[in-house]
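Each chain, letter by letter, is given below.
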Amino acid sequence: MSYKNIETALIHGGISIDERTGAVNVPIYQTSTFKQDGLGKMRGYEYSRTGNPTREALEALIAELEGGEAGFAFASGLAAETAVLSLLNSGDRVLISSNVYGGTFRLLDKVFNHFNISYTISDTENPQAFEKDITPDVKAVLIESPANPLMTVTDIRAVAEIAHRHGLLVIVDNTFMTPYLQRPLTLGADIVIHSATKYLGGHSDVVAGLAVVKTKELAERLAFLQNSTGGVLPPFDSFLLIRGIKTLGVRLDRHVYNAEKAAEYLSKHSAVKSVHYPGLPTDKGYEVNKRQAKNGGVMISFELKDNYDIKVFFESLQLVTLAESLGGVESLVCHPSSMTHASIPEEIRKKVGITDGLIRLSIGIENIDDILADIDQAIAASEVK
Ligand SMILES: *Cc1c(COP(=O)(O)O)cnc(C)c1O
């Protein structure tokens, strides 16, 4: 099939038609195993942990969208991260961006440390400071850009260039941007990971993870780890993700339109102390983000001034829903210090700037006037008089 643009690839990329029947959607191959025609005579599949046609269609699709050699689908974003971090050996260390997703931090801090794989929090927004953190045991860097929840931007090209000079593996968590807005492999990354639970799924109805690798060698190693650790995505969930990805472009166009309006509105609001959104020209990450991504994405965080009670703010919202997660069609709000980032110790949270007053917004695709009216009335209700 020939096409040039990602909007088309979202719909026709990977394996988009069932060759045997011509079905325009790849069916849900709800089977655990496959008949063998004789000893050692498989028809391409043997057991669904190792390979399943529905999952394979999704894996081919995400590989094409990210521009990688191969894609892998997992039961969650953290299952994808577990498999990818299993590329490391005992004694290795990984550098992580200073405000990565709380679960990523917990996985390294509480699980991989049992296997003598350690981490250092590194200021990847500052490539010179990042280079100083590279000790001989450092074998990989895990970047989030924009990083959760302060939307700090890392210059992926600059960090990848330094990292490769020191022989490190460059892993980028591209959950917040998706390949529609940012393609880390083209910026020098070796591996892209996703919590597909978020924008790729897009409807808050599936938990899933994806990984895409740049080289054949990494593809072989990760295929082995996916099959050996076993956290694979089931066929039905693979189908839901393929379905979600088809509308990623139109959804994100509306999401970003709404997010830009919301960021502008919040930055002018008299009750708001600070706004973090790399799509605002005044944001410190704006220039770097513009060089590596299509726009500022959808995620915004902000703080209210001290004379506003954020507990009352959260309780007063009627349309915007207080919940973990992000990236669905509905607007969600969360309190990072007690929710998504609670597994990060308080002193580290304070150090990296995740204050108790920080509010994170995942703008949905509802009418922006309704979203802003709800936020406005909740702010007004939360003023301490
Ligand atoms: C949610 C999230 C994860 C974890 O993914 P799950 O699908 O919840 O396991 C990892 N990274 C980022 C940036 C996330 O937002």
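Here, every reference points to the structure presented above.
In this report, the structure presented in the accompanying data block is examined. (Residues numbered from 1 in each chain as written. Predicted model: local features only at pLDDT ≥ 70, side-chain atom pairs only at ≥ 80, totals over all residues. Heavy atoms only, no water.)

As for its position among the elements, arginine 183 is in the loop between α7 (178–181) and β6 (191–195). In the structure, arginine 183 is positioned 166 residues away from isoleucine 17 in sequence and 25 Å away in space, judged by C-alpha atoms. For arginine 183, the residues in contact, after removing those within four places along its chain, are Glu64, Leu65, Glu66 and Gly67. (Helix = DSSP H or I, 4+ residues; strand = E, 2+ residues; numbered from the N terminus. Contact = heavy atoms within 4.5 Å.)

Tallied over the entire structure, the rule returns 6 aromatic pairs. Here phenylalanine 105 and tyrosine 119 contribute two aromatic rings whose centre-to-centre distance is 5.4 Å and whose plane-to-plane angle is 75°, an arrangement assigned as edge-to-face. Taken together, the positions of phenylalanine 105 in helix α4 (residues 102–111) and tyrosine 119 in strand β3 (residues 118–122) put the pair 14 residues apart, joining distant regions of the chain. The exposure class of tyrosine 119 is buried, given its relative accessible area of 19%. For the pair phenylalanine 236 and phenylalanine 239, a centre-to-centre distance of 6.4 Å together with 25° between the ring planes defines the contact as stacked. On the criterion of helical spacing, the pair formed by phenylalanine 236 and phenylalanine 239 is a turn pair, its members being 3 residues apart in helix α9 (residues 235–246). Owing to a relative accessible area of 42%, phenylalanine 236 belongs among the partly exposed residues under this scheme. Through a chain of ring-to-ring contacts, the aromatic side chains of Phe302, Phe313 and Phe314 assemble into a single cluster. Cation over ring: lysine 294 sits above tyrosine 180, and NZ or CZ is 3.9 Å from the ring centre. (Phe/Tyr/Trp six-rings, centres within 6.5 Å; stacked < 30°, edge-to-face > 60°. Buried < 20%, exposed > 50% of the residue type's maximum accessible area, 1.4 Å probe, protein only. Lys NZ or Arg CZ within 6 Å of the ring centre and 35° of its normal.)

Before going further, it helps to examine the nonpolar core. Formed by 80 residues in total, the largest nonpolar core has its most connected members in Ile300, Leu304, Phe313 and Ile375. No fewer than three residues from each of domain 1 (6–246) and domain 2 (249–382) sit in this core. What isoleucine 375 contacts, discounting residues up to four positions off in sequence, is Tyr265, Leu266, Phe313, Leu317, Val320 and Leu361. Ranked by size, the runner-up nonpolar core spans 31 residues in total, among them Ala80, Leu88, Val94 and Ile191. (Core = buried A, V, L, I, M, F, W, Y, C linked by side-chain atoms within 4.5 Å. Domains from an automatic or database assignment.)

Bringing the pairing of β6 into the picture now. With 5 of 5 residues buried, β6 is to be regarded as a mostly interior element. Both faces of β6 are covered, namely the face carrying Ile191, Ile193 and Ser195 and the face carrying Val192 and His194. Both β6 and strand β7 (residues 209–213) contribute to a ladder of 5 bridges, which runs antiparallel. The residue of β7 that forms the bridge with isoleucine 193 is alanine 211. (Pairing = 2+ DSSP bridges.)

In the vicinity of the ligand there are 14 residues, among which Gly77, Asp173, Ser195, Thr197 and Lys198 approach most closely. Between leucine 78 and the ligand, the recorded distance is 2.9 Å, taken from a backbone N or O atom to an oxygen atom. Protein contacts shield 92% of the accessible area of the ligand, which totals 380 Å² for the unbound molecule. Residue contributions to the shell around the ligand peak at 3 residues, all from helix α3 (residues 77–85). Among the residues forming the shell around the ligand, the class breakdown is 5 nonpolar, 5 polar and 4 charged. (Near = heavy atom within 4 Å. Polar contact = N/O pair within 3.5 Å; in protein donor to acceptor, adjacent residues only side chain to side chain. Areas by Shrake-Rupley, 256 points an atom, 1.4 Å probe, with all protein chains shown as cover. Nonpolar A, V, L, I, M, F, W, Y, C, P; charged D, E, K, R; others polar.)

Further remarks concern the packing of helix α10 (residues 248–268) against helix α14 (residues 368–381). When two helices pack together, their arrangement is given by the angle between their axes and by how far apart the axes lie. Orientation of α10 relative to α14, taken along the N-to-C sense of each, is 35°, at an axis distance of 10 Å. The element α10 and its partner α14 pack so that their crossing is right-handed. On the side of α10, the interface is formed by Tyr257, Asn258, Lys261, Ala262, Tyr265 and Leu266, while α14 contributes Ile368, Ile371, Leu372, Ile375 and Asp376. Along the lines of polarity and charge, the residues of the contact of α10 with α14 split into 8 nonpolar, 1 polar and 2 charged. (Axes fitted to C-alpha atoms, helices over the stretch in contact; angles between N-to-C directions. Left-handed = near helix turned anticlockwise from the far one by under 90°.)

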